[in-house]
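Here is how the chains run, residue by residue.
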Amino acid sequence: MAQDIEIKVENGVQVIRLLRADKKNALTGPMYTAMSEALDAAETNEAIAAHVFIGSGGVFSAGNDINDFLRRAEPSAKGDGGGIPAPSLDFIRRLPKVTKPMIGAVDGLAIGIGTTLLMHCDLVYATPSASLRAPFLDLGLVQEAGSSVLAPARLGYPRAFELICLGEPFSAERALAAGFVNAIVPADQLEATALDAACRLVAKPRQALLASRRLLRQGFPDIGAVIDKEAEAYAVLMRSPEAREAFTAFLEKRPPDFAKARQKG
Ligand code: COA
């Protein structure tokens, strides 16, 4: 299994735990691949009825590792099509295909895919310190993971616009009020709360559970097609001088200078 992630199955629940707290649980290629393989394997494993995503060290996830973004943004990466790194896109494409319930357990920051992943979850529990953020635009990018339609569906259009275009953080309380989060629980009860909900789902009649989930989701549009459209826009923007400047500035720990980046082209 990849470093920085732990995936365990217990009592019918697959727990996917991000363990890269020194880098705020930013997701690397091997971490995405491990999650994709785990989600895939669970589809045909009768012993698994639900998934729980959880972070560590007081953080859910700071999103995609920006070093990987920068590598994809380099002109030398042009030959391979660029865009969202392949392991990340593979993972994102799997999310709408998952048939078993997914539960997000969020403590602290949930940034980028840390937030858009939650839009695919059936239940989300958060601690008072949870903060959901989607700073794609400030990185010179567009949103991903189908959040173009899932965010308005979850939050309503004006709040989705605030999250994605203004880059406003959503506190746990605001996310709860918006209906994005099911409950706010103390940090020391987060995992137990998520596992309790998962175990209650495991105990349900399995076929009826999967059918109910499928029926509840029938009003969603074709999320796979939305993901592909987002990925196309992402691939173009990722090579823009502004995106490169945003990635470099973050790694150099300085504010970005978009005007200068545009001039340099
Ligand atoms: N990719 C790569 N490294 C990341 C990262 C990311 N998305 N998020 C955090 N890190 C690394 C930092 O570079 C730093 O590494 P270092 O100790 O080697 O310098 C370490 O994690 C700790 O982060 P730091 O920025 O020092 O902590 P902070 O508490 O001041 O800020 C964040 C935390 C998450 C607010 C800040 O790191 C951040 O904004 N990260 C980027 C989030 C983002 O834009 N993600 C992409 C979304 S599409």
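As a starting point, this report considers the structure included with it. All of these numbers come straight from a predicted model, not from anything done at the bench.

**Section: the overall build of the protein**
Tallying secondary structure elements over the protein gives 12 helices and 9 strands in all. C-alpha atoms of the protein, sized along the principal axes, occupy 60 × 35 × 35 Å. Here the protein holds 265 residues, and 50% of them are scored as buried. Put simply, of all contacts in the protein between residues at least 6 apart along the chain, 71% involve residues at least 24 apart. Working note: accessible area of the protein is about 12400 Å², and carbon and sulfur atoms make up 55% of it. Counting 30 positive and 31 negative side-chain charges, the protein places the centres of these two groups 2 Å from one another.

**Focus on unusual backbone geometry**
Even without being a glycine, lysine 24 presents a positive backbone phi close to 55 degrees. By secondary structure assignment, the location of lysine 24 is in the loop between strand S2 (13–18) and helix H1 (29–43). Look at lysine 24 and you get partly exposed, because its relative accessible area is 46%. With a phi angle near 60 degrees, asparagine 25 is a residue other than glycine that sits in the positive phi range. Take asparagine 25: it is sitting in the loop between S2 and H1.

**Some details on the sheet that holds strand S8 (residues 170–171)**
The sheet built from 3 strands is open, its strands ordered S5-S7-S8 with mixed pairing. A single partner strand is all that each edge strand has here, and the edge strands are strand S5 (109–111) and S8. With 3 bridges connecting them, S5 and strand S7 (residues 131–133) associate as parallel partners. Opposite alanine 110, over in S7, you have leucine 132 as the bridge partner.

**With respect to the layout of surface pockets**
As a volume, the largest pocket reaches approximately 650 Å³. Around the largest pocket, the lining comprises 26 residues; the ones closest to its centre are Ala62, Asn64, Ile66, Ile111 and Phe250. Listed by contribution, the elements that provide at least two residues to the lining of the largest pocket are helix H2 (66–73), S5 and helix H11 (241–251). Looking at the lining of the largest pocket element by element, the count peaks at 3 residues for H2. Grouping the amino acids of the lining of the largest pocket by side-chain chemistry returns 13 nonpolar, 5 polar and 8 charged.

**Notes on the packing of helix H5 (residues 147–155) against helix H10 (residues 223–238)**
Put simply, H5 and H10 touch, their axes get as near as 9 Å, and they point 120 degrees apart. Put simply, H5 runs oblique to H10. Contacts between H5 and H10 involve Ser147, Ser148, Val149 and Leu150 on the former and, on the latter, Ile223, Val226 and Glu230. Tallied by class, residues from the contact of H5 with H10 come to 4 nonpolar, 2 polar and 1 charged.

**Describing the side chain of aspartate 107**
Assignment of secondary structure puts aspartate 107 in the loop between strand S4 (102–106) and S5. Among buried charged residues, aspartate 107 stands out as having no salt bridge; its nearest opposite-charge side chain is arginine 17, 10 Å away. A polar atom in the side chain of aspartate 107 sits 2.6 Å from the side chain of threonine 127. A distance of 3.1 Å separates the side chain of aspartate 107 from the side chain of serine 129, its partner in a polar contact. Discounting residues that sit within four places of it in the chain, aspartate 107 has contacts with Gly58, Val59, Phe60, Thr127, Ser129, Ala187 and Leu190.

The rules behind the values
Position labels on residues start from 1 in each chain and follow its written sequence. Thresholds applied to this predicted model are a pLDDT of at least 70 for local features of residues and 80 or more for the giving and counting of side-chain atom pairs; totals over whole chains, interfaces and linings are not thresholded and use all residues. Hydrogens and water molecules were not included; the side-chain quantities draw on all heavy atoms of the structure. To qualify as a helix, a DSSP run of H or I must reach at least 4 residues; to qualify as a strand, a run of E must reach at least 2; elements of each kind are numbered from the N terminus. Only protein chains enter the accessibility calculation, which uses a 1.4 Å probe; a residue is then buried when its area is under 20% of its type maximum, exposed when over 50%, and partly exposed in between. Contact definition: two residues touch when any of their heavy atoms are within 4.5 Å. All accessible-area figures derive from a Shrake-Rupley calculation using a 1.4 Å probe, and residue coverage is judged against the displayed protein chains alone. Charged residues are defined narrowly, with Lys and Arg counted positive, Asp and Glu counted negative, and His plus the chain ends left uncounted. We put the charge of a Lys on NZ, of an Arg on CZ, of an Asp on CG and of a Glu on CD. DSSP-based pairing: two strands are paired if at least 2 bridges between them are found. Cavity and pocket criteria rest on a 1 Å grid covering protein atoms alone: a 1.4 Å probe that fits but cannot get out defines a cavity, protein on both sides within 12 Å along at least 5 of 7 lines defines an open pocket, and an atom within 4 Å of a point defines a lining residue. Grid points are joined across faces, edges and corners, and a volume is the space filled by probe spheres set on the points. Three categories are distinguished: nonpolar for Ala, Val, Leu, Ile, Met, Phe, Trp, Tyr, Cys and Pro, charged for Asp, Glu, Lys and Arg, and polar for the others, with Gly belonging to the last. All axes here are fitted lines through C-alpha atoms, helices being fitted over the stretch that makes contact, and every angle between N-to-C directions spans 0 to 180 degrees. When describing relative orientation, an angle under 35 degrees is termed roughly parallel and one over 145 degrees roughly antiparallel, while 65 to 115 degrees is termed roughly perpendicular and anything else oblique. Basic side-chain nitrogens of Lys or Arg form a salt bridge, by our definition, when they fall within 4 Å of a carboxyl oxygen of Asp or Glu. Between N or O atoms, a polar contact is any pair within 3.5 Å; within protein, one atom must be a potential hydrogen donor and the other a potential acceptor, and residues adjacent in sequence are included only when both atoms are from side chains.

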